[in-house]
Amino acid sequence: MGRIKKKGQAGAAKNYLTRNQAIRKLQISLPDFRQLCIWKGIYPREPRSKKKVSKSSTASTTFYYAKDIQYLLHEPLLQKFRDQKVLEKKISKALGRGDVGDAKRLEGNASRPEKTGKPRYTLDHVVRERYPTFVDALRDLDDCLSMLFLFANLPSTSSVPAKMIARCERLCLEFQHYLIVSRSLTKSFLSIKGIYYQANIQGEDILWLVPYKFNQRIVGDVDFRIMGTFVEFYMTLLGFVNFRLYTSIGIKYPPKFDAVKDENAAELGAFTLEGKALVGAEEPKKLEDASHKPDPKTQAAVNKVLKTLHNGDATDATEETENGTTETEEANASAIDKFEPAAPGGDVLMQPSTNGNNHGTLFSNFTFYLSRETPRQPLEFILKAFGCKRVGWDPVLGGGAFTTDELDPNITHQIVDRPPIQAAMEEDGDAEDNQTSQKLAVNRRVPGRTYVQPQWVWDCINDVELKEPHLYGPGASLPPHLSPFVKSVQGSYDPTVPLEEQEPEEEALEADEDGDETVEGMDVAEDEDEDEGEEGEDEDEEDAEKMEEDVQEEDGEEGEEEDEAALRQQELEAELTGTSVKAKTTNSKAKAKEQARKALRKKAKEEAEDLERAKGMLSKKKRKLYEQMIYTNNKKSAEDQKLRAKRRKLEKGKAKGKA
């Protein structure tokens, strides 16, 4: 006879532990248990049946794998937590005895880790356990960067200490310096939440969010203790990653930090990089270019053999062929293979281009000056990441600028984000100096300098090409700023394509009908004003029209005969009022549109009937799948139609404003 199994000791109940059971097994407090789970990457699990797993009458809400808790039993941080708990008990006992000196001594030792006081723990071994390879750390860097950039912009409070904020800011600036030196930044996007950045590091795309430099308001319903636990782990992780990235390109880590410049809000300018990569940055590129070029002697011999094979005579190779081979060498070295479809109508692949490495040289020939109303931190980072080494700004924005003189003749581009200043301000003389006014005279522009708005920088780096500056001039209506992370799908709404090219025929006809109704209403109002003196004749003509319509209804030919009668009536009115040409043209246009609309309705009806007949031949399972697919497609098309209607309304409003 087999052994009788007791409830809760086998099956699913053995594989799970509740949170209270896990805390009792580890013998630590709940906050320490939360910290340990966050650092080790252990999360609650949802069993299939809570009734089978729960050993009590009430079903518990939080479960963990028993193997995960068993794994935590061997964690070295547990002993650190216990030592901290023992020290806290000693301090509370000393205070209970009234021995303030002893309690003060213990507390002082706890604040000095180098002595026998509070144990200092590190998370280095946890980072090595969770990320065995460097690629694993890069793949998990998105949340890390978003969290650290968020805490770098927060004000210091009791829950968010100033040392943590300074550490986050320093790590983020070090990471930005690596992106500037390695030219790894690829895209950026301005959104409501903040600024999105994307970088390609060792083949891995990393996307993170940076909030705007506004005064952040600390909300009470956010548990900053839990977030601080994540930040503590992420700071250790980013420190490891920065060290590996800096050493991989030959730069010393950590870079030199100047506290005086940092106090002057220099930020990126407070760091000084040292290493071989900064001295000979162009040498690796030359080596790479040389490795791709073939040996001229070898290429000449190969061309000679090929020619003898084609012509059958080895003595025809002369000095002219040698000169030709050198030309073909240069052409082959500069030429790029292109992917062409094997058959007409095939998929068109992305073609390679020689502009693949333009990220590092896009702004290298320019000198920028940032006006004081522009966001200095993101613009400085993006411009330097794309090759610009000369960026100046107003002294109000902080130190570390290439130049603070707005009239410097070396400046080629100035970024402004203020409305056009009216000349009346200068005439008054009492106008105060505010954020929009400048030291220069009103509407004064330095000759030979290009003035653009900040969006020009973002659109240039996303398309890796210099946009036309006049489209982004001061006070100009900017083109739409589209997200570079959204890929356009065939058949969906594309804001870059003109509305006429992607608008269906039915939708275009409906839009024209709406416009014609407004025009016809205006024409009718004008005709009423002109025909006030000819009411008697118009009444006779209206009676004749009614009689003709009655005859047409009796005959049963409603469609075409009504149109003909309306045409005859309009011709009679045109003879009296003298507007025959307008009446005929408007009527012919309306008739053509009505015929096109009828043809489209007839075509749609036929297609719907064909679809119904085809659906009848499908099985029940395939029919449901097809109907679900049609539902999702109609839903997407409805959203696209709303976007097109909104765009059509905006374009009409702009046209009316210009008129």
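No experiment lies behind these values; they were computed from the predicted model shown.

## Points about the packing of aromatic side chains
This model, assessed by the stated rule, comprises 23 aromatic pairs. Among the aromatic residues, those joined into a ring-pair cluster are Phe-149, Phe-175, Tyr-197, Trp-208 and Phe-381. Over the face of the ring belonging to Phe-257 we find Arg-170, whose NZ or CZ atom lies 4.5 Å from the ring centre. The side chain of Arg-445 reaches across the aromatic face of Tyr-451, ending 4.8 Å from its centre.

## Here's the deal with the packing of helix α11 (residues 162-182) against helix α18 (residues 376-385)
Interaxial distance between α11 and α18 falls to 8 Å at its minimum, and their mutual angle equals 30°. Touching Gln-176, Leu-179 and Ile-180 of α11 are Phe-381, Lys-384 and Ala-385, all from α18. Across the contact of α11 with α18, the residue classes break down as 4 nonpolar, 1 polar and 1 charged.

## A few points about the nonpolar core
Ranked by internal contacts, the top residues of the largest apolar core, which has 92 residues, are Trp-208 and Phe-363. Those residues in contact with Phe-363 that sit more than four places away from it in its chain are Phe-368, Leu-383, Phe-386, Gly-387, Cys-388, Trp-456, Val-457, Cys-460, Ile-461 and Leu-466. Ranked by size, the runner-up nonpolar core spans 5 residues in total, among them Leu-87, Ile-91, Ala-94 and Leu-106.

## Brief notes about the packing of helix α3 (residues 30-40) against helix α12 (residues 224-248)
Angle between the axes and distance between the axes: these two values describe a pair of packed helices. It is the contact of α3 with α12, at a shortest axis distance of 10 Å, that shows an interaxial angle of 40°. Considering the angle they form, α3 stands oblique to α12. Crossing of α3 over α12 shows right-handed handedness. Residues Arg-34, Gln-35, Ile-38 and Trp-39 of α3 form the contact with α12, whose participating residues are Ile-226, Thr-229, Phe-230, Glu-232 and Phe-233. Here the residues of the contact of α3 with α12 are counted per class, giving 5 nonpolar, 2 polar and 2 charged.

## What about unusual backbone geometry?
Residue Pro-254 follows Tyr-253 across a cis peptide bond; omega there is 0°. Structurally, the position occupied by Pro-254 is in the loop between α12 and β6 (256-257). For Gln-202, which is not glycine, the phi torsion reads 55° and is therefore positive. By secondary structure assignment, the location of Gln-202 is in the loop between β4 (195-201) and β5 (204-210). Residue classification places Gln-202 among the partly exposed residues on the basis of a relative accessible area of 48%. Although it is not a glycine, Glu-267 adopts a positive phi angle of roughly 55°. Secondary-structure assignment places Glu-267 in the loop between α13 (259-263) and β7 (271-272). Relative accessible area serves as the criterion here: at 13%, Glu-267 is assigned to the buried category.

## What about the pattern of salt bridges?
If you walk through the whole model with that rule in mind, you get 15 salt bridges. Between Glu-380 and Arg-376 there is a salt bridge whose closest N-O contact spans 2.8 Å. Of this pair, Glu-380 and Arg-376 both sit in helix α18, 4 residues apart, roughly one helical turn. As far as burial versus exposure is concerned, Glu-380 and Arg-376 are alike and both buried. A salt bridge links Glu-465 to Lys-467, with the shortest nitrogen-to-oxygen separation between them at 3.3 Å. Residue class for Glu-465 comes out partly exposed when judged on its relative accessible area of 41%.

## Side note on the sheet that holds strand β8 (residues 368-370)
Taking strand neighbours across the sheet as the criterion, the 4 strands line up as β9-β8-β10-β11 in an open arrangement whose pairing is parallel. Two strands bound the open sheet, and with one partner strand each, they are β9 (391-393) and β11 (450-452). With strand direction ignored, the average angle separating the axes of adjacent strands in the sheet is 25°. Relative to β9, β8 is paired through 3 bridges, and the arrangement is parallel. Among the inter-strand pairings, Leu-370 is bridged to a residue of β9, identified as Trp-393. Where α18 meets the sheet, it contacts β8, β9 and β10 (413-415), and its direction lies at approximately 170° from that of β8.

Rules and cut-offs
- Residues numbered from 1 in each chain as written.
- Predicted model: local features only at pLDDT ≥ 70, side-chain atom pairs only at ≥ 80, totals over all residues.
- Heavy atoms only, no water.
- Phe/Tyr/Trp six-rings, centres within 6.5 Å; stacked < 30°, edge-to-face > 60°.
- Lys NZ or Arg CZ within 6 Å of the ring centre and 35° of its normal.
- Axes fitted to C-alpha atoms, helices over the stretch in contact; angles between N-to-C directions.
- Helix = DSSP H or I, 4+ residues; strand = E, 2+ residues; numbered from the N terminus.
- Contact = heavy atoms within 4.5 Å.
- Nonpolar A, V, L, I, M, F, W, Y, C, P; charged D, E, K, R; others polar.
- Core = buried A, V, L, I, M, F, W, Y, C linked by side-chain atoms within 4.5 Å.
- Buried < 20%, exposed > 50% of the residue type's maximum accessible area, 1.4 Å probe, protein only.
- Parallel < 35°, antiparallel > 145°, perpendicular 65-115°, else oblique.
- Left-handed = near helix turned anticlockwise from the far one by under 90°.
- Salt bridge = Lys/Arg side-chain N within 4 Å of Asp/Glu carboxyl O.
- Pairing = 2+ DSSP bridges.

Shape is all these values report; function is a separate question.
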